[in-house]
2 protein chains.
Amino acid sequence: LNRIKASGLKLRFCTNETQATREKFVKKLQGLGFDISVAEVTAPAPAACRILKERNLRPHLLVHDDLVPEFAEIDKTNPNCVVIGDAAENFTYANLNEAFRVLIGMEKPVLLSLGSGRYYKETDGLKLDVGAYMKALEYACDVQAEVVGKPSKMFFESALAEMDVPAQQAIMIGDDIVSDVGGAQRCGMRALQVRTGKYRPSDENHPHVKPDAYVNNLAEAVDIILQQL
Amino acid sequence: LNRIKASGLKLRFCTNETQATREKFVKKLQGLGFDISVAEVTAPAPAACRILKERNLRPHLLVHDDLVPEFAEIDKTNPNCVVIGDAAENFTYANLNEAFRVLIGMEKPVLLSLGSGRYYKETDGLKLDVGAYMKALEYACDVQAEVVGKPSKMFFESALAEMDVPAQQAIMIGDDIVSDVGGAQRCGMRALQVRTGKYRPSDENHPHVKPDAYVNNLAEAVDIILQQL
């Protein structure tokens, strides 16, 4: 990271994290020794806030308690859309029914989903991710959610806009073959897959997505990028 | 009902009720004055039990507490499938994650769903029905649920088998254009839509389903049927 920053290249951190504010997310990474600030992070909640403002949408929030501060400046009275994130323990029967009633009460239901992940692993086991609950509401209301977050094109485009860099001059480094690599490529960027984290050897036979290159770790990705300057 | 029974015609009650045992369901209808017994009821839970036995499936149950007795005779140790019903208050975050973990742990996940309804109305408002939670698990596990209950063909076929009557000689009377009328017709039966209960005037312009006739109430349906004997 320090080598990239020293080279003068522009940099954004693109995360689908929706269980915490960017502040909390950044503190965690800083604690791990990363040189990172809130202003360098592209995350679904602030991207959703931009959309809400642009379209005069007032959300009913079905999100994690720790994410609520990201929506502090948004008018939430008399909701005319639902924003769903990985609400975890907030995915109760009562809360799901409430979000559903807000949606079904609209002439044309608007559902923004902060990601479309199927599931993820925590120390106490696998958990259903926001995508599963998004599908439940989509089915019940016969509506298609607008997904904010990787791999949506809109999400990568906002990261590019924040850096003021065209897609052709940007490169994505990520461990998720679909969300990171596939999403970035569909947006016109090149993408490296890192063989760490979510990476699985079977990714190398993925039916639809092929990274521009594989690297074994972040340092190797930086080597390749700096060599080509 | 009494006129049909007196005519000697065979009769089954087909319900998608999964919040209670047939015993409880029948008691409620008897209380309303209907001549009905448990043996005359075709319901998703006993239909699912037949499937479980036939295919040596041991279910993990995600159902309403009041439905559990229907599965009393079924081996539920070391589950190799998930049965989901309208679990209502049992649709907790923890229970959904647990059902998901059972499914995702299988080489080929088997999900039986006691219906595919989107939502229903209760005195305290609209509630998400089993179909929404079915979709959540389908998406998370990349699996297609097998739906037991109306409008599934298998469900109507088991009702016909119980009466020992061919589809061509049977007629369905129901208020739900898709579940009752559409399901029965796809099975080769004729179907009347009653203009009560779930019926909506817009049903008469349904893009796919057209009943063989409309009736204003059950008595009128009986008139038509007895006239044609």
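This text gives an overview of the structure that appears in the document. (Residues numbered from 1 in each chain as written. Chains lettered and ligands numbered in written order. Predicted model: local features only at pLDDT ≥ 70, side-chain atom pairs only at ≥ 80, totals over all residues. Heavy atoms only, no water.)

1. As for the interface of chain A and chain B
So, step 1. Facing 29 residues of chain A, the contacting portion of chain B comprises 29 residues.
So, step 2. Contact with chain B buries area across many residues of chain A, yet Y93, L128 and Y139 of chain A alone supply 31% of it, more than any other trio.
So, step 3. Here chain A is connected to chain B by zero salt bridges.
So, step 4. Along the contact surface separating chain A from chain B lie ten residue pairs in polar contact (both at pLDDT 80 or more).
So, step 5. Broken down by element, the residue count for the side of chain A that touches chain B peaks at nine residues, all from helix 5 (residues 130–141) of chain A.
So, step 6. Considered class by class, the residues forming the side of chain A that touches chain B number 17 nonpolar, five polar and seven charged. (Contact = heavy atoms within 4.5 Å. Buried area = accessible area lost by both parts, 1.4 Å probe. Salt bridge = Lys/Arg side-chain N within 4 Å of Asp/Glu carboxyl O. Polar contact = N/O pair within 3.5 Å; in protein donor to acceptor, adjacent residues only side chain to side chain. Helix = DSSP H or I, 4+ residues; strand = E, 2+ residues; numbered from the N terminus. Nonpolar A, V, L, I, M, F, W, Y, C, P; charged D, E, K, R; others polar.)

2. A short note on the sheet that holds strand 11 (residues 213–215) of chain A
Residues and elements named next belong to chain A.
So, step 1. The three strands lie next to each other as 9-10-11, forming an open sheet whose pairing is parallel. Edge positions in the open sheet fall to strand 9 (171–174) and strand 11, since each of these has one partner strand only. Neighbour-to-neighbour, the strand axes of this sheet turn through a mean angle of 25°, independent of strand direction.
So, step 2. For strand 9 and strand 10 (residues 190–194), the ladder comprises four bridges, and the chain directions are parallel. Bridging across to strand 10, G174 finds its partner in Q193.
So, step 3. Lying over the sheet, helix 7 (residues 177–186) contacts strand 9 and strand 10, oriented at roughly 165° with respect to strand 10. (Pairing = 2+ DSSP bridges. Axes fitted to C-alpha atoms, helices over the stretch in contact; angles between N-to-C directions.)

3. Some remarks on unusual backbone geometry
So, step 1. With an omega of 5°, the peptide bond running from K150 of chain A to P151 of chain A counts as cis.
So, step 2. In this fold, P151 of chain A is placed in the loop between strand 8 (146–147) and helix 6 (153–163).
So, step 3. Even without a glycine there, the phi angle at D164 of chain A is positive, about 60°.
So, step 4. Residue position: D164 of chain A is located in the loop between helix 6 and strand 9.
So, step 5. Even without a glycine there, the phi angle at N56 of chain B is positive, about 50°.
So, step 6. Among the structural elements, N56 of chain B can be located in the loop between helix 3 (44–54) and strand 3 (59–62).

4. What to know about the relation of the copies chain A and chain B
So, step 1. Superposition record for chain A on chain B: RMSD 0.0 Å, screw rotation 180°, translation along axis 0.0 Å. One copy is carried onto the other by what is essentially a two-fold rotation axis.
So, step 2. The share of interface residues of chain A whose copies in chain B are also at the interface is 100%, consistent with both copies meeting through the same surface. (Least-squares fit on C-alpha atoms with pLDDT ≥ 70 in both.)

5. What about the pairing of strand 7 (residues 125–128) of chain B?
Regular strands show a simple pattern: their side chains alternate between the two faces of the sheet.
Residue and element names in this part refer to chain B.
So, step 1. Bridge count between strand 6 (residues 119–122) and strand 7: four bridges; the pairing is antiparallel. From the neighbouring strand, Y119 faces strand 7, where its bridge partner is L128.
So, step 2. The hairpin formed by strand 6 and strand 7 contains two residues between the paired strands.

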